[in-house]
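# Close look at the chain arrangement
Now for the letters of each chain:
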Amino acid sequence: MNHQKRKEVSNFGPPKVDIKLVRAVKEGDVEAFEKLFNILHDRVYYFVFSYAKSTYVADEIVQEVFIRIWQKRADIKPLTFTTLLFTIAKNLTFNHLRDAFRRESAKQELWDNINAQYEQIEHKMRLEEYQQIIDKAVDTLSEKKKLIYHLSKEVGKTNSEIAEILGISPKTVKNHLWKTMDVIKSHLRPHIENFLSLVIYLLLFV
């Protein structure tokens with residue numbers, strides 16, 4: 001039955017179910033079951049579709065509903081058959097929607113984790129790239145500036161300690177470091193789009 005015909009059927013009230021037909025299904029009558037399927041199929045389909053909003057899902061669930069009915073035929077109570085039918089349809093539909101939501105949530109969580117890991121890797125790679133740029137910038141310095149930078153940033157000496165080691169004033173050490181920072185900034189600037197990011201990077205890592 002095509003979608004248009006299903007839509008027309010859905011505009012009518014609940015189909016009447018012959019109790020004798022239900023009793024025949026209960027006793028295992030396959031022909032009676034086929035008749036019952038044809039009578040109720042579209043009504044169940046639209047019930048499921050109203051929640052699932054998917055023709056594929058609705059078709060799959062409707063098939064499962066009638067399979068369950070046939071499997072549980074011995075327990076059918078003819079007077080409450082319609083209630084049983086739509087209870088099974090509702091439970092299967094809601095189970096599907098709940099599982100779909102969980103799958104979507106799980107996919108989102110996985111995607112968030114992948115993104116976080118990627119960002120960490122990307123950040124690490126960027127820092128390594130910046131360090132290489134800094135190393136190249138330092139290589140352009142005079143031997144004295146290289147030594148002062150090494151003692152300050154890599155060894156961790158204070159300006160006063162460096163001044164004492166090299167026999168120069170702390171102010172001279174400070175001036176050398178400022179000029180070195182200018183060289184490093186000029187090398188890094190083309191690779192860091194945001195000036196504030198450049199300043200923060202220099203404060204934290206250089």
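Every chain begins its residue count from 1, and numbering advances along the sequence as written. Restriction of local features to residues with pLDDT of at least 70 applies here, the model being predicted, together with a cutoff of 80 or more for giving and counting side-chain atom pairs; totals for whole chains, interfaces and linings are based on all residues. Excluded from the side-chain calculations are hydrogens and water; all other atoms, namely the structure's heavy atoms, are used.

Before going further, it helps to examine the nonpolar core. Nonpolar core, defined: a set of buried Ala, Val, Leu, Ile, Met, Phe, Trp, Tyr and Cys residues in which side-chain atoms within 4.5 Å join the residues together. When accessible area is computed with a 1.4 Å probe and restricted to protein chains, residues below 20% of their type maximum are described as buried, those above 50% as exposed, and intermediate ones as partly exposed. Counting 28 residues, the largest nonpolar core has Leu36, Val44, Val48, Val65, Phe81 and Leu85 as its most contacted members. What counts as a helix is a DSSP run of H or I of at least four residues, what counts as a strand is a run of E of at least two, and both are numbered from the N terminus. For this core, the secondary structure elements donating two or more residues are helix H2 (19-26), helix H3 (30-52), helix H4 (55-71) and helix H5 (81-139). Broken down by element, the residue count for this core peaks at nine residues, all from H3. Other than its neighbours up to four places away in sequence, Phe81 contacts Val17, Val22, Leu36, Leu40, Ile69 and Ile76. Tyr130, Ile133, Ala137 and Ile184 belong to the second largest nonpolar core, which has nine residues in total. Should any heavy atoms of two residues lie within 4.5 Å, those residues are counted as being in contact.

Take the packing of aromatic side chains next. When the centres of two rings from Phe, Tyr and Trp lie within 6.5 Å, Trp using its six-membered ring, the rings pair. Their planes under 30 degrees apart give stacked, over 60 give edge-to-face, and anything left gives tilted. Per the counting criterion, the structure on display carries nine aromatic pairs. Through pairs of rings, three or more aromatic residues link up here, namely Phe33, Phe37, Phe66 and Trp70. In this scheme, Lys NZ or Arg CZ marks a charge over a ring once it lies within 6 Å of the ring centre and within 35 degrees of the ring normal. Residue placement shows Arg73 over the ring face of Trp70; its charged tip is 4.1 Å from the ring centre.

Side chains of Tyr51, Phe94 and Leu97 sit close together on the surface and give an oily, nonpolar patch of about 250 Å² of accessible area. Within the secondary structure, Leu97 sits in helix H5. Residues enter patches when their relative accessible area tops 30% and they take part in no salt bridge; the joining distance is 9 Å for like charges and 5 Å for the nonpolar side chains Val, Leu, Ile, Met, Phe, Trp and Tyr. We get accessible surface area from the Shrake-Rupley algorithm with a probe of 1.4 Å; when it comes to residues, only the shown protein chains can shield them. Any carboxyl oxygen of Asp or Glu that lies within 4 Å of a side-chain nitrogen of Lys or Arg is treated as forming a salt bridge with it.

Turning our attention to the side chain of His41. Looking at the secondary structure, you find His41 in helix H3. His41 gets classed as buried once you look at its relative accessible area, which sits at 13%. At 3.2 Å, the side chain of His41 forms a polar contact with the side chain of Asp42. Under the rule applied, a polar contact is a pair of N or O atoms within 3.5 Å (in protein, one hydrogen donor and one hydrogen acceptor; residues adjacent in sequence only if both atoms are side-chain atoms).

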